[in-house]
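Here is what each chain is made of, one letter per residue.
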Amino acid sequence: MDKWLNVDRGGKNTGDNATESLLPGCSTLKVTRKRKYDELFLQYGFTSNDHDGVGKPLCLICKEVLAAESMKPAKLKRQLNTKHAAYCNKPKEYFERLLKFSNKEKKSFETFVTVNEKYLLASYETSYLIAKTKKPYTIGEDLVLPAAIKISEIVHGKKYGGEIRKIPLSNDTVSKRISEISNDQFQQLITRLKDSQKFAIQLDETTDISNMAHLLLYVRYVYEGSIHEELLFCRRLEGHTRGEDIYLKVDECFKKEELQWKNCVGVCTDGAGADGQKCWILAKVKAGGNEHIPFTHCMINREALVAKKISLELDVVSRDSIKIINFIKSHALNSRLFSNLCKDMGSDYKSLLLHAEVRWLSRGRSLNRLLKLKDEVVIVLTEQKSDFVNFFHNDLWLSKLCYLSDIFEKLNDLNMSLQGRNCNIFVLKDKVESFTKKKVNIWKNKVANGSLEIFTATDDFIIENNLPKDLIVRVIIDHLKCLETQFQKYFSSNFDSQKQSWVQKPNSKTSVICH
(Lines give C-alpha, C1' and ligand atoms only; values in the text may rest on other atoms or scores of the structure.)
Protein backbone atom coordinates (compact mmCIF):
# COMPACT_ATOMS: atom_id res chain seq x y z
CA MET A 1 0.00 0.00 0.00
CA ASP A 2 1.00 3.62 -0.58
CA LYS A 3 1.81 5.78 2.41
CA TRP A 4 -0.14 8.97 2.97
CA LEU A 5 2.50 10.74 5.15
CA ASN A 6 5.50 10.13 7.34
CA VAL A 7 5.70 12.38 10.43
CA ASP A 8 5.98 11.94 14.21
CA ARG A 9 3.23 12.90 16.66
CA GLY A 10 4.95 16.14 17.56
CA GLY A 11 5.30 17.27 13.99
CA LYS A 12 9.09 16.87 13.91
CA ASN A 13 10.82 14.65 11.46
CA THR A 14 12.40 11.70 13.31
CA GLY A 15 13.15 9.38 10.39
CA ASP A 16 11.32 6.44 8.86
CA ASN A 17 11.48 4.32 12.04
CA ALA A 18 9.53 6.84 14.06
CA THR A 19 6.88 7.72 11.49
CA GLU A 20 3.24 6.67 11.21
CA SER A 21 1.62 5.50 7.97
CA LEU A 22 -1.94 6.61 7.39
CA LEU A 23 -3.66 4.32 4.91
CA PRO A 24 -7.13 4.76 3.38
CA GLY A 25 -9.59 2.26 4.72
CA CYS A 26 -7.46 1.42 7.79
CA SER A 27 -8.45 1.19 11.43
CA THR A 28 -10.43 3.85 13.28
CA LEU A 29 -7.28 4.84 15.16
CA LYS A 30 -5.42 5.69 11.98
CA VAL A 31 -8.44 7.58 10.55
CA THR A 32 -8.56 9.60 13.78
CA ARG A 33 -4.86 10.36 13.44
CA LYS A 34 -5.44 11.53 9.87
CA ARG A 35 -8.09 13.95 11.07
CA LYS A 36 -5.67 15.30 13.68
CA TYR A 37 -3.04 15.79 11.01
CA ASP A 38 -5.63 17.59 8.85
CA GLU A 39 -6.34 19.94 11.72
CA LEU A 40 -2.61 20.43 12.20
CA PHE A 41 -2.02 21.23 8.53
CA LEU A 42 -5.12 23.45 8.33
CA GLN A 43 -3.38 26.23 10.23
CA TYR A 44 -0.93 26.44 7.31
CA GLY A 45 -3.73 26.59 4.72
CA PHE A 46 -3.43 22.95 3.57
CA THR A 47 -5.50 19.80 3.73
CA SER A 48 -4.73 16.23 2.71
CA ASN A 49 -5.94 15.10 -0.70
CA ASP A 50 -6.06 11.53 -2.02
CA HIS A 51 -4.43 11.65 -5.45
CA ASP A 52 -3.98 8.29 -7.26
CA GLY A 53 -4.12 6.47 -3.93
CA VAL A 54 -1.39 8.65 -2.40
CA GLY A 55 -2.01 11.33 0.22
CA LYS A 56 -0.80 14.72 -1.02
CA PRO A 57 -1.14 18.24 0.42
CA LEU A 58 -3.70 20.50 -1.26
CA CYS A 59 -3.37 24.28 -0.89
CA LEU A 60 -6.75 25.81 -0.01
CA ILE A 61 -5.69 29.19 -1.41
CA CYS A 62 -4.39 28.35 -4.90
CA LYS A 63 -5.63 24.71 -5.14
CA GLU A 64 -2.11 23.51 -5.94
CA VAL A 65 -1.32 19.87 -5.13
CA LEU A 66 2.20 19.35 -3.79
CA ALA A 67 4.32 16.23 -3.67
CA ALA A 68 3.71 13.67 -0.94
CA GLU A 69 7.11 14.49 0.56
CA SER A 70 5.91 18.03 1.29
CA MET A 71 3.23 16.81 3.70
CA LYS A 72 5.18 17.92 6.77
CA PRO A 73 4.33 20.93 8.96
CA ALA A 74 7.72 22.61 8.45
CA LYS A 75 7.55 22.37 4.67
CA LEU A 76 3.91 23.45 4.56
CA LYS A 77 4.66 26.48 6.75
CA ARG A 78 7.57 27.43 4.51
CA GLN A 79 5.31 27.07 1.45
CA LEU A 80 2.70 29.36 3.01
CA ASN A 81 5.25 32.03 4.02
CA THR A 82 6.97 31.95 0.64
CA LYS A 83 4.06 31.78 -1.79
CA HIS A 84 1.16 33.29 0.19
CA ALA A 85 2.82 35.72 2.59
CA ALA A 86 -0.34 37.82 2.79
CA TYR A 87 -2.14 34.90 4.49
CA CYS A 88 0.52 34.10 7.07
CA ASN A 89 -1.31 35.79 9.94
CA LYS A 90 -4.75 34.47 9.06
CA PRO A 91 -6.40 32.54 11.90
CA LYS A 92 -7.22 28.85 11.62
CA GLU A 93 -10.96 29.67 11.38
CA TYR A 94 -10.30 31.46 8.10
CA PHE A 95 -8.82 28.32 6.54
CA GLU A 96 -11.66 26.24 7.98
CA ARG A 97 -14.13 28.46 6.11
CA LEU A 98 -12.02 28.01 2.94
CA LEU A 99 -12.11 24.23 3.41
CA LYS A 100 -15.86 24.25 3.96
CA PHE A 101 -16.44 26.38 0.88
CA SER A 102 -14.08 24.16 -1.16
CA ASN A 103 -15.93 20.99 -0.14
CA LYS A 104 -19.27 22.62 -0.98
CA GLU A 105 -17.96 23.74 -4.36
CA LYS A 106 -16.58 20.26 -5.06
CA LYS A 107 -19.89 18.65 -4.17
CA SER A 108 -21.81 21.04 -6.43
CA PHE A 109 -19.45 20.34 -9.32
CA GLU A 110 -19.79 16.57 -8.86
CA THR A 111 -23.58 16.93 -8.81
CA PHE A 112 -23.44 18.98 -11.99
CA VAL A 113 -21.19 16.62 -13.95
CA THR A 114 -22.65 13.38 -12.59
CA VAL A 115 -25.68 12.17 -14.52
CA ASN A 116 -28.45 10.46 -12.61
CA GLU A 117 -28.84 6.79 -13.50
CA LYS A 118 -32.32 7.22 -14.98
CA TYR A 119 -31.20 10.15 -17.16
CA LEU A 120 -28.19 8.14 -18.29
CA LEU A 121 -30.44 5.21 -19.23
CA ALA A 122 -32.78 7.53 -21.12
CA SER A 123 -29.79 8.96 -23.00
CA TYR A 124 -28.60 5.51 -24.04
CA GLU A 125 -32.09 4.37 -25.10
CA THR A 126 -32.65 7.52 -27.18
CA SER A 127 -29.22 7.23 -28.79
CA TYR A 128 -29.97 3.61 -29.64
CA LEU A 129 -33.22 4.64 -31.36
CA ILE A 130 -31.39 7.36 -33.30
CA ALA A 131 -28.87 4.76 -34.48
CA LYS A 132 -31.58 2.29 -35.49
CA THR A 133 -33.46 4.91 -37.52
CA LYS A 134 -30.17 6.06 -39.14
CA LYS A 135 -30.82 9.71 -38.31
CA PRO A 136 -28.15 12.42 -37.83
CA TYR A 137 -26.78 12.57 -34.30
CA THR A 138 -27.82 16.22 -34.00
CA ILE A 139 -31.49 15.22 -34.12
CA GLY A 140 -31.34 14.31 -30.43
CA GLU A 141 -30.53 17.86 -29.32
CA ASP A 142 -32.38 19.65 -32.13
CA LEU A 143 -35.65 17.70 -32.26
CA VAL A 144 -36.04 14.75 -29.91
CA LEU A 145 -35.24 16.58 -26.66
CA PRO A 146 -37.26 19.76 -27.41
CA ALA A 147 -40.21 17.64 -28.55
CA ALA A 148 -40.04 15.47 -25.41
CA ILE A 149 -39.91 18.60 -23.21
CA LYS A 150 -42.95 20.13 -24.94
CA ILE A 151 -44.93 16.88 -24.67
CA SER A 152 -44.09 16.48 -20.98
CA GLU A 153 -44.96 20.10 -20.17
CA ILE A 154 -48.31 19.87 -21.98
CA VAL A 155 -49.33 16.48 -20.62
CA HIS A 156 -47.82 16.51 -17.11
CA GLY A 157 -46.78 20.11 -16.41
CA LYS A 158 -43.61 22.21 -16.54
CA LYS A 159 -42.09 20.37 -13.58
CA TYR A 160 -41.68 17.22 -15.65
CA GLY A 161 -40.41 19.20 -18.62
CA GLY A 162 -37.56 20.40 -16.45
CA GLU A 163 -36.70 16.79 -15.63
CA ILE A 164 -36.50 15.94 -19.33
CA ARG A 165 -33.96 18.74 -19.83
CA LYS A 166 -31.48 16.82 -17.67
CA ILE A 167 -31.15 14.06 -20.27
CA PRO A 168 -27.82 14.52 -22.13
CA LEU A 169 -28.45 14.31 -25.89
CA SER A 170 -25.83 16.54 -27.49
CA ASN A 171 -24.22 15.53 -30.78
CA ASP A 172 -21.00 14.34 -29.13
CA THR A 173 -22.90 12.54 -26.37
CA VAL A 174 -25.11 10.64 -28.82
CA SER A 175 -22.07 9.73 -30.91
CA LYS A 176 -20.28 8.41 -27.83
CA ARG A 177 -23.33 6.47 -26.65
CA ILE A 178 -23.79 4.81 -30.06
CA SER A 179 -20.12 3.88 -30.18
CA GLU A 180 -20.32 2.34 -26.70
CA ILE A 181 -23.49 0.42 -27.58
CA SER A 182 -21.90 -0.85 -30.79
CA ASN A 183 -18.75 -2.02 -28.99
CA ASP A 184 -20.80 -3.71 -26.29
CA GLN A 185 -22.96 -5.54 -28.83
CA PHE A 186 -19.86 -6.62 -30.75
CA GLN A 187 -18.26 -8.04 -27.61
CA GLN A 188 -21.48 -9.86 -26.74
CA LEU A 189 -21.51 -11.37 -30.24
CA ILE A 190 -17.89 -12.49 -29.96
CA THR A 191 -18.64 -14.09 -26.58
CA ARG A 192 -21.61 -15.94 -28.07
CA LEU A 193 -19.51 -17.18 -31.00
CA LYS A 194 -16.88 -18.55 -28.64
CA ASP A 195 -19.54 -20.23 -26.51
CA SER A 196 -21.25 -21.65 -29.59
CA GLN A 197 -17.93 -23.10 -30.84
CA LYS A 198 -19.37 -23.84 -34.31
CA PHE A 199 -20.49 -21.09 -36.69
CA ALA A 200 -21.00 -20.35 -40.39
CA ILE A 201 -20.20 -17.15 -42.25
CA GLN A 202 -21.45 -15.32 -45.33
CA LEU A 203 -19.32 -12.81 -47.23
CA ASP A 204 -20.51 -9.97 -49.42
CA GLU A 205 -18.30 -7.33 -51.04
CA THR A 206 -20.05 -4.19 -52.29
CA THR A 207 -19.16 -0.71 -53.55
CA ASP A 208 -20.96 2.41 -52.34
CA ILE A 209 -21.78 5.58 -54.29
CA SER A 210 -18.36 7.04 -53.49
CA ASN A 211 -16.63 4.02 -55.12
CA MET A 212 -15.38 2.73 -51.78
CA ALA A 213 -15.37 -1.06 -51.45
CA HIS A 214 -16.76 -2.58 -48.27
CA LEU A 215 -16.69 -6.15 -47.01
CA LEU A 216 -19.69 -7.37 -45.02
CA LEU A 217 -19.39 -10.51 -42.94
CA TYR A 218 -22.51 -12.18 -41.56
CA VAL A 219 -22.27 -14.99 -39.04
CA ARG A 220 -24.75 -17.70 -38.01
CA TYR A 221 -24.37 -19.51 -34.70
CA VAL A 222 -26.27 -21.40 -31.99
CA TYR A 223 -27.28 -19.53 -28.85
CA GLU A 224 -29.57 -20.85 -26.11
CA GLY A 225 -30.76 -23.73 -28.26
CA SER A 226 -31.73 -21.66 -31.32
CA ILE A 227 -29.95 -20.41 -34.44
CA HIS A 228 -29.09 -16.71 -34.60
CA GLU A 229 -27.55 -14.66 -37.38
CA GLU A 230 -25.88 -11.27 -37.05
CA LEU A 231 -23.63 -8.87 -38.94
CA LEU A 232 -20.15 -9.45 -37.54
CA PHE A 233 -18.49 -6.49 -39.24
CA CYS A 234 -18.52 -4.09 -42.19
CA ARG A 235 -14.98 -3.01 -43.04
CA ARG A 236 -13.46 -0.97 -45.83
CA LEU A 237 -11.22 -2.55 -48.44
CA GLU A 238 -8.64 0.17 -49.02
CA GLY A 239 -6.95 -1.31 -52.10
CA HIS A 240 -7.73 -4.34 -54.23
CA THR A 241 -10.77 -6.55 -53.68
CA ARG A 242 -9.11 -9.80 -54.68
CA GLY A 243 -9.61 -13.08 -52.89
CA GLU A 244 -6.31 -12.65 -51.06
CA ASP A 245 -7.31 -9.19 -49.76
CA ILE A 246 -10.72 -10.37 -48.59
CA TYR A 247 -9.27 -13.45 -46.91
CA LEU A 248 -6.67 -11.33 -45.08
CA LYS A 249 -9.39 -8.97 -43.84
CA VAL A 250 -11.48 -11.87 -42.46
CA ASP A 251 -8.44 -13.66 -41.05
CA GLU A 252 -7.33 -10.45 -39.34
CA CYS A 253 -10.66 -10.21 -37.55
CA PHE A 254 -10.56 -13.88 -36.56
CA LYS A 255 -7.06 -13.58 -35.09
CA LYS A 256 -7.84 -10.38 -33.21
CA GLU A 257 -11.00 -11.80 -31.65
CA GLU A 258 -9.47 -15.28 -31.15
CA LEU A 259 -11.93 -17.05 -33.46
CA GLN A 260 -10.75 -20.30 -35.04
CA TRP A 261 -11.19 -21.27 -38.68
CA LYS A 262 -11.52 -24.87 -37.55
CA ASN A 263 -14.82 -23.94 -35.85
CA CYS A 264 -16.24 -22.56 -39.10
CA VAL A 265 -18.62 -25.12 -40.64
CA GLY A 266 -19.62 -23.25 -43.80
CA VAL A 267 -18.84 -20.26 -46.02
CA CYS A 268 -21.34 -18.65 -48.38
CA THR A 269 -20.18 -16.13 -51.00
CA ASP A 270 -21.69 -14.22 -53.92
CA GLY A 271 -18.64 -14.37 -56.18
CA ALA A 272 -18.28 -18.08 -56.93
CA GLY A 273 -19.09 -20.19 -59.92
CA ALA A 274 -22.06 -22.54 -59.65
CA ASP A 275 -19.80 -25.45 -58.73
CA GLY A 276 -17.93 -23.44 -56.11
CA GLN A 277 -14.53 -24.07 -57.76
CA LYS A 278 -13.91 -20.42 -58.75
CA CYS A 279 -14.66 -18.86 -55.41
CA TRP A 280 -12.15 -16.06 -54.80
CA ILE A 281 -11.63 -16.95 -51.14
CA LEU A 282 -11.90 -20.72 -51.45
CA ALA A 283 -8.24 -21.31 -52.31
CA LYS A 284 -6.95 -19.16 -49.43
CA VAL A 285 -9.12 -20.86 -46.83
CA LYS A 286 -8.32 -24.34 -48.11
CA ALA A 287 -4.61 -23.52 -48.17
CA GLY A 288 -4.77 -22.84 -44.44
CA GLY A 289 -5.61 -26.48 -43.75
CA ASN A 290 -9.37 -26.00 -43.58
CA GLU A 291 -10.43 -28.66 -46.08
CA HIS A 292 -13.49 -29.47 -43.97
CA ILE A 293 -15.25 -26.15 -44.73
CA PRO A 294 -17.94 -26.45 -47.45
CA PHE A 295 -18.42 -23.47 -49.78
CA THR A 296 -21.75 -22.46 -51.30
CA HIS A 297 -22.63 -19.82 -53.85
CA CYS A 298 -25.35 -17.43 -52.65
CA MET A 299 -28.72 -18.55 -54.06
CA ILE A 300 -30.09 -15.00 -54.23
CA ASN A 301 -27.13 -13.98 -56.36
CA ARG A 302 -27.58 -16.98 -58.61
CA GLU A 303 -31.29 -16.26 -59.07
CA ALA A 304 -30.45 -12.68 -60.06
CA LEU A 305 -27.95 -13.96 -62.64
CA VAL A 306 -30.62 -16.24 -64.10
CA ALA A 307 -33.11 -13.36 -64.33
CA LYS A 308 -30.62 -11.27 -66.34
CA LYS A 309 -30.41 -13.88 -69.13
CA ILE A 310 -33.12 -13.13 -71.70
CA SER A 311 -33.33 -13.59 -75.45
CA LEU A 312 -32.14 -10.87 -77.82
CA GLU A 313 -35.63 -9.87 -78.97
CA LEU A 314 -36.82 -9.45 -75.36
CA ASP A 315 -33.62 -7.65 -74.42
CA VAL A 316 -34.24 -5.13 -77.21
CA VAL A 317 -37.71 -4.39 -75.81
CA SER A 318 -36.26 -4.04 -72.32
CA ARG A 319 -33.61 -1.57 -73.51
CA ASP A 320 -36.15 0.44 -75.47
CA SER A 321 -38.34 0.67 -72.38
CA ILE A 322 -35.42 1.94 -70.31
CA LYS A 323 -34.72 4.61 -72.96
CA ILE A 324 -38.34 5.77 -72.80
CA ILE A 325 -38.23 5.97 -69.01
CA ASN A 326 -34.95 7.89 -69.10
CA PHE A 327 -36.31 10.30 -71.72
CA ILE A 328 -39.04 11.35 -69.30
CA LYS A 329 -37.18 11.04 -65.99
CA SER A 330 -33.89 12.63 -67.04
CA HIS A 331 -35.48 15.88 -68.24
CA ALA A 332 -36.90 18.05 -65.47
CA LEU A 333 -39.55 19.62 -67.73
CA ASN A 334 -40.73 16.26 -69.09
CA SER A 335 -40.84 14.86 -65.59
CA ARG A 336 -42.98 17.76 -64.29
CA LEU A 337 -45.34 17.63 -67.27
CA PHE A 338 -45.74 13.89 -66.85
CA SER A 339 -46.45 14.24 -63.13
CA ASN A 340 -49.09 16.94 -63.76
CA LEU A 341 -50.69 14.82 -66.48
CA CYS A 342 -50.93 11.82 -64.12
CA LYS A 343 -52.65 14.02 -61.50
CA ASP A 344 -55.12 15.40 -64.04
CA MET A 345 -55.98 11.92 -65.32
CA GLY A 346 -56.37 10.51 -61.81
CA SER A 347 -53.68 7.87 -62.29
CA ASP A 348 -52.65 5.56 -59.45
CA TYR A 349 -49.02 6.68 -59.81
CA LYS A 350 -47.43 10.06 -60.45
CA SER A 351 -44.03 9.08 -61.85
CA LEU A 352 -42.04 6.35 -63.55
CA LEU A 353 -39.35 4.26 -61.85
CA LEU A 354 -35.73 4.27 -62.98
CA HIS A 355 -33.99 1.00 -63.72
CA ALA A 356 -30.63 0.23 -62.08
CA GLU A 357 -28.52 -2.80 -62.93
CA VAL A 358 -27.18 -3.08 -59.39
CA ARG A 359 -30.72 -3.29 -58.00
CA TRP A 360 -32.00 -6.67 -59.02
CA LEU A 361 -35.69 -5.95 -58.44
CA SER A 362 -35.76 -2.63 -60.25
CA ARG A 363 -36.16 -4.02 -63.77
CA GLY A 364 -39.46 -5.75 -63.06
CA ARG A 365 -40.84 -2.82 -61.08
CA SER A 366 -39.85 -0.19 -63.64
CA LEU A 367 -41.37 -2.16 -66.54
CA ASN A 368 -44.55 -2.80 -64.56
CA ARG A 369 -44.91 0.93 -63.79
CA LEU A 370 -44.31 1.84 -67.45
CA LEU A 371 -47.01 -0.57 -68.52
CA LYS A 372 -49.54 0.82 -66.04
CA LEU A 373 -48.84 4.40 -67.15
CA LYS A 374 -48.50 3.70 -70.88
CA ASP A 375 -51.46 5.93 -71.83
CA GLU A 376 -49.93 8.89 -70.00
CA VAL A 377 -46.52 8.10 -71.53
CA VAL A 378 -48.01 8.10 -75.04
CA ILE A 379 -49.52 11.55 -74.50
CA VAL A 380 -46.24 13.04 -73.26
CA LEU A 381 -44.19 11.43 -76.05
CA THR A 382 -46.68 12.69 -78.63
CA GLU A 383 -46.52 16.25 -77.27
CA GLN A 384 -42.71 16.09 -77.29
CA LYS A 385 -42.79 14.66 -80.84
CA SER A 386 -40.54 11.81 -79.82
CA ASP A 387 -39.99 8.78 -82.04
CA PHE A 388 -40.38 6.59 -78.94
CA VAL A 389 -44.16 6.90 -79.32
CA ASN A 390 -44.00 4.52 -82.29
CA PHE A 391 -43.21 1.63 -79.96
CA PHE A 392 -46.65 1.97 -78.35
CA HIS A 393 -48.34 1.57 -81.73
CA ASN A 394 -46.57 -1.75 -82.28
CA ASP A 395 -48.72 -4.62 -80.93
CA LEU A 396 -45.86 -7.13 -80.91
CA TRP A 397 -43.61 -4.74 -78.98
CA LEU A 398 -46.35 -4.05 -76.43
CA SER A 399 -47.14 -7.75 -76.01
CA LYS A 400 -43.47 -8.43 -75.31
CA LEU A 401 -43.44 -5.57 -72.81
CA CYS A 402 -46.48 -7.11 -71.08
CA TYR A 403 -44.76 -10.49 -70.89
CA LEU A 404 -41.56 -8.97 -69.50
CA SER A 405 -43.62 -7.23 -66.83
CA ASP A 406 -45.32 -10.52 -65.93
CA ILE A 407 -42.26 -12.77 -65.87
CA PHE A 408 -40.06 -10.30 -63.95
CA GLU A 409 -42.81 -9.88 -61.39
CA LYS A 410 -42.72 -13.63 -60.78
CA LEU A 411 -38.93 -13.69 -60.68
CA ASN A 412 -39.00 -10.80 -58.22
CA ASP A 413 -41.43 -12.73 -56.04
CA LEU A 414 -39.03 -15.69 -56.06
CA ASN A 415 -36.12 -13.41 -55.21
CA MET A 416 -37.99 -11.86 -52.29
CA SER A 417 -38.99 -15.29 -50.97
CA LEU A 418 -35.30 -16.24 -50.84
CA GLN A 419 -34.50 -13.27 -48.61
CA GLY A 420 -35.04 -12.79 -44.90
CA ARG A 421 -33.67 -14.02 -41.61
CA ASN A 422 -33.21 -17.65 -40.60
CA CYS A 423 -33.31 -18.97 -44.17
CA ASN A 424 -31.32 -22.15 -44.76
CA ILE A 425 -30.06 -23.99 -47.80
CA PHE A 426 -32.74 -26.68 -47.55
CA VAL A 427 -35.66 -24.24 -47.70
CA LEU A 428 -34.08 -22.14 -50.44
CA LYS A 429 -33.22 -25.20 -52.52
CA ASP A 430 -36.82 -26.42 -52.26
CA LYS A 431 -38.15 -23.02 -53.40
CA VAL A 432 -35.82 -22.88 -56.40
CA GLU A 433 -36.59 -26.46 -57.44
CA SER A 434 -40.32 -25.82 -57.05
CA PHE A 435 -40.07 -22.76 -59.29
CA THR A 436 -37.87 -24.47 -61.88
CA LYS A 437 -39.21 -28.01 -62.08
CA LYS A 438 -42.86 -27.32 -61.39
CA LYS A 439 -43.97 -23.76 -62.09
CA VAL A 440 -41.89 -23.07 -65.21
CA ASN A 441 -42.78 -26.46 -66.66
CA ILE A 442 -46.50 -25.90 -65.99
CA TRP A 443 -46.39 -22.42 -67.52
CA LYS A 444 -44.62 -23.74 -70.60
CA ASN A 445 -47.23 -26.46 -71.15
CA LYS A 446 -50.15 -24.06 -70.65
CA VAL A 447 -48.72 -21.50 -73.07
CA ALA A 448 -48.11 -24.25 -75.63
CA ASN A 449 -51.80 -25.13 -75.32
CA GLY A 450 -52.81 -21.51 -75.98
CA SER A 451 -53.51 -20.46 -72.36
CA LEU A 452 -51.96 -17.21 -71.16
CA GLU A 453 -53.96 -16.84 -67.95
CA ILE A 454 -50.89 -17.20 -65.76
CA PHE A 455 -49.44 -14.05 -67.39
CA THR A 456 -52.25 -11.64 -66.58
CA ALA A 457 -50.94 -8.45 -68.24
CA THR A 458 -50.13 -10.30 -71.45
CA ASP A 459 -53.46 -12.11 -71.51
CA ASP A 460 -55.43 -8.90 -70.86
CA PHE A 461 -53.57 -7.05 -73.63
CA ILE A 462 -54.20 -9.85 -76.15
CA ILE A 463 -57.91 -10.02 -75.29
CA GLU A 464 -58.50 -6.22 -75.20
CA ASN A 465 -56.89 -5.69 -78.59
CA ASN A 466 -58.33 -8.90 -80.12
CA LEU A 467 -54.88 -10.11 -81.15
CA PRO A 468 -53.90 -13.68 -82.07
CA LYS A 469 -52.11 -15.50 -79.26
CA ASP A 470 -49.60 -16.94 -81.70
CA LEU A 471 -48.13 -13.43 -81.78
CA ILE A 472 -46.40 -13.95 -78.43
CA VAL A 473 -46.62 -17.69 -77.68
CA ARG A 474 -43.36 -18.57 -79.41
CA VAL A 475 -41.48 -15.79 -77.61
CA ILE A 476 -42.80 -16.93 -74.22
CA ILE A 477 -41.99 -20.60 -74.75
CA ASP A 478 -38.45 -19.81 -75.94
CA HIS A 479 -37.84 -17.65 -72.88
CA LEU A 480 -39.23 -20.25 -70.47
CA LYS A 481 -36.94 -22.88 -72.01
CA CYS A 482 -34.04 -20.48 -71.57
CA LEU A 483 -35.02 -20.01 -67.92
CA GLU A 484 -34.95 -23.78 -67.35
CA THR A 485 -31.51 -24.04 -68.92
CA GLN A 486 -30.12 -21.16 -66.89
CA PHE A 487 -31.53 -22.50 -63.61
CA GLN A 488 -29.95 -25.89 -64.29
CA LYS A 489 -26.63 -24.19 -65.05
CA TYR A 490 -26.46 -22.02 -61.97
CA PHE A 491 -28.13 -24.39 -59.52
CA SER A 492 -26.39 -27.65 -60.44
CA SER A 493 -24.72 -27.47 -57.04
CA ASN A 494 -22.69 -30.29 -55.53
CA PHE A 495 -24.86 -30.00 -52.41
CA ASP A 496 -26.36 -33.47 -51.91
CA SER A 497 -29.76 -33.23 -50.24
CA GLN A 498 -29.93 -36.99 -49.73
CA LYS A 499 -26.71 -37.12 -47.69
CA GLN A 500 -27.88 -34.16 -45.61
CA SER A 501 -31.47 -35.38 -45.21
CA TRP A 502 -30.78 -36.31 -41.58
CA VAL A 503 -30.88 -32.60 -40.77
CA GLN A 504 -34.50 -32.30 -41.93
CA LYS A 505 -35.61 -35.80 -40.93
CA PRO A 506 -33.28 -37.03 -38.19
CA ASN A 507 -35.49 -40.03 -37.28
CA SER A 508 -35.88 -41.55 -40.74
CA LYS A 509 -34.02 -44.79 -41.53
CA THR A 510 -32.33 -43.37 -44.62
CA SER A 511 -31.10 -40.39 -42.64
CA VAL A 512 -29.67 -42.59 -39.90
CA ILE A 513 -27.76 -44.67 -42.46
CA CYS A 514 -26.41 -41.58 -44.25
CA HIS A 515 -25.46 -39.96 -40.98
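In short, a report on the structure. Predicted model only: the values in this text are computed from it and were never measured.

### Quick notes on the overall build of the protein chain
- Counting secondary structure elements, the protein chain contains 20 helices and seven strands.
- For the protein chain, buried positions account for 39% of its 515 residues.
- Sequence-distant contacts in the protein chain: of pairs separated by 6 or more residues, those separated by 24 or more amount to 59%.
- Accessible surface, the protein chain: about 30,700 Å² in total, of which carbon and sulfur atoms supply 51%.

### A short note on the packing of aromatic side chains
- Using the criterion set out here, one finds twelve aromatic pairs in the structure.
- Feature note: the residues Y403, F435, W443, F455, F487 and F491 constitute an aromatic cluster, connected by ring pairs.
- In this structure, R235 is placed above the aromatic ring of F233, and the distance from its NZ or CZ to the ring centre is 4.6 Å.

### Looking at unusual backbone geometry
- Its identity is not glycine, yet K385 carries a phi of approximately 55°, on the positive side.
- With respect to the secondary-structure elements, K385 resides in the loop between α14 (374-383) and α15 (395-417).
- A relative accessible area of 75% places K385 in the exposed class.
- In the Ramachandran plot, N466 falls in the positive-phi region, its phi being about 50° despite a non-glycine side chain.
- A relative accessible area of 71% means that N466 is categorised as exposed.

### Remarks on the packing of helix α10 (residues 299-308) against helix α18 (residues 470-490)
- α18 packs onto α10 with a crossing angle of 150° between their chain directions and a minimal axis gap of 9 Å. If you check the angle between α10 and α18, you find them roughly antiparallel. You can see that α10 and α18 cross each other, and the crossing is right-handed. Between α10 and α18, the residues in contact are R302, L305 and V306 and L483, Q486, F487 and Y490, respectively.

Cut-off values and rules
Residues numbered from 1 in each chain as written. Predicted model: local features only at pLDDT ≥ 70, side-chain atom pairs only at ≥ 80, totals over all residues. Heavy atoms only, no water. Helix = DSSP H or I, 4+ residues; strand = E, 2+ residues; numbered from the N terminus. Buried < 20%, exposed > 50% of the residue type's maximum accessible area, 1.4 Å probe, protein only. Contact = heavy atoms within 4.5 Å. Areas by Shrake-Rupley, 256 points an atom, 1.4 Å probe, with all protein chains shown as cover. Phe/Tyr/Trp six-rings, centres within 6.5 Å; stacked < 30°, edge-to-face > 60°. Lys NZ or Arg CZ within 6 Å of the ring centre and 35° of its normal. Axes fitted to C-alpha atoms, helices over the stretch in contact; angles between N-to-C directions. Parallel < 35°, antiparallel > 145°, perpendicular 65-115°, else oblique. Left-handed = near helix turned anticlockwise from the far one by under 90°.

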